[in-house]
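Letter by letter, the chains look like this.
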Amino acid sequence: MKKLLYYIVYSLWYLLSLLPLRVLYWLSDILFVMIFYVIHYRRRLVWVNLVTSFPEREPEEHKEIERRFYRWFCDYLVESIKLLTMKPEEMKRRLVFKNTEVLDQCVNEGQSCAVYLGHFCNWEWITSLPFWVSPEAQCGQLYHPLENQDFDRLLLHVRQRYGAVCISMNESLRKILEYKKQGKPVVIGYIADQAPFWWNIHHWCQFLYHDTAVLSGAERIAAKLNHAVFYLDVKRIKRGYFEAEFKLITREPAKMKEFELTDLYFKHLEESIRRQPECYLWTHDRWKRTRQRFEQRFEVIDGKVHEKKDL
């Protein structure tokens, strides 16, 4: 049954992806009506996230952001469908990377790069980066493998079709070290704004008025391997068109204070979100883990998180 479902999903995805984006956007408009007005997909969570992240704004502004978010979200879904068959020429026209010469300079000098980005605008299309950077570099992104191996294979096919590689988070350091031994510079994307599991919480920062548990693995890898660190500032220019600008944070991450890189990343991400709040993934329960609950249940010993034995 799983195999049959896989082939059904792949066939439908493939056929839909053959449609022009203008037609897919008509489907997006229909989908918006369904999930916003009929299904009410996660509307309560989205509303709470918006109100608590923008307490200075009026309720009418929250409502407008909410509507625009769901319209963007439906566009994101159909744009991701199109990714399966979109030709390189069209992708390069719709997503333009800027300031790549600074990244290429690092690569040409033999230094690998870590690129911070978030669930903002269209992160799936960022896999087209190999079209824009030096061929000396191997582009890639970390990801969480799906439990269903067939669907995991399908997503890998979509995300790797432009030449970038997907690296499982559990194997990230080992895989990156393999490229280093081969003398191959890498450009690795880190979508680091997920809510970490309890045992991966080592740092909290202020993000959109929330005391936020954050992932800091990207910082540790960059410092350990001396990767140049960039923030990718993505903007939605209009429907179906984006710009992504590389902003250099540091070429010497080991010289920065612990968690300083992580804090700077969330500062940059917050600036991007405040500029275009409708383009962030508000359906994600980003603040489900609280510091109070963490301190009740866990303790940190020698840099590792342990559940308290008396619970």
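Data block above holds the structure.
## Re the pattern of salt bridges
So, step 1. In the structure shown here, the tally under the stated rule is 22 salt bridges.
So, step 2. Here Glu-307 ties to Arg-297 by a salt bridge, and the two come within 3.4 Å at their closest N and O atoms. Of the two residues, Glu-307 is situated in strand β11 (residues 304–307) and Arg-297 in helix α11 (residues 291–297); the sequence distance between them amounts to 10 residues.
So, step 3. One salt-bridge network, in which partners are shared between bridges, spans Asp-29, Asp-75, Arg-236 and Arg-239.

## Considering the side chain of Asp-193
So, step 1. When you line up the elements, Asp-193 lands in the loop between β5 (186–191) and β6 (203–207).
So, step 2. We note that Asp-193 is buried and unpaired, the nearest opposite charge coming from Arg-286 at a distance of 5.7 Å.
So, step 3. For Asp-193, the side chain forms a polar contact with the side chain of His-119, separated by 2.8 Å.
So, step 4. Side-chain polar atoms of Asp-193 contact the side chain of Tyr-280, separated by 2.9 Å.
So, step 5. In contact with Asp-193, not counting residues within four places along its chain, are Gly-118, His-119, Tyr-265, Phe-266, Leu-269, Tyr-280, His-284 and Arg-286.

## Points about the packing of helix α8 (residues 172–181) against helix α9 (residues 217–225)
So, step 1. Interaxial distance between α8 and α9 falls to 11 Å at its minimum, and their mutual angle equals 25°. Classified by the interaxial angle, the pair formed by α8 and α9 is roughly parallel. α8 and α9 meet at a crossing whose hand is right-handed. Between α8, through Ser-172, Leu-173, Ile-176, Leu-177 and Lys-180, and α9, the contact on the second element is made entirely by Ile-221, Lys-224 and Leu-225.

About the thresholds
- Residues numbered from 1 in each chain as written.
- Predicted model: local features only at pLDDT ≥ 70, side-chain atom pairs only at ≥ 80, totals over all residues.
- Heavy atoms only, no water.
- Salt bridge = Lys/Arg side-chain N within 4 Å of Asp/Glu carboxyl O.
- Helix = DSSP H or I, 4+ residues; strand = E, 2+ residues; numbered from the N terminus.
- Buried < 20%, exposed > 50% of the residue type's maximum accessible area, 1.4 Å probe, protein only.
- Lys, Arg positive; Asp, Glu negative; His and termini not counted.
- Polar contact = N/O pair within 3.5 Å; in protein donor to acceptor, adjacent residues only side chain to side chain.
- Contact = heavy atoms within 4.5 Å.
- Axes fitted to C-alpha atoms, helices over the stretch in contact; angles between N-to-C directions.
- Parallel < 35°, antiparallel > 145°, perpendicular 65-115°, else oblique.
- Left-handed = near helix turned anticlockwise from the far one by under 90°.

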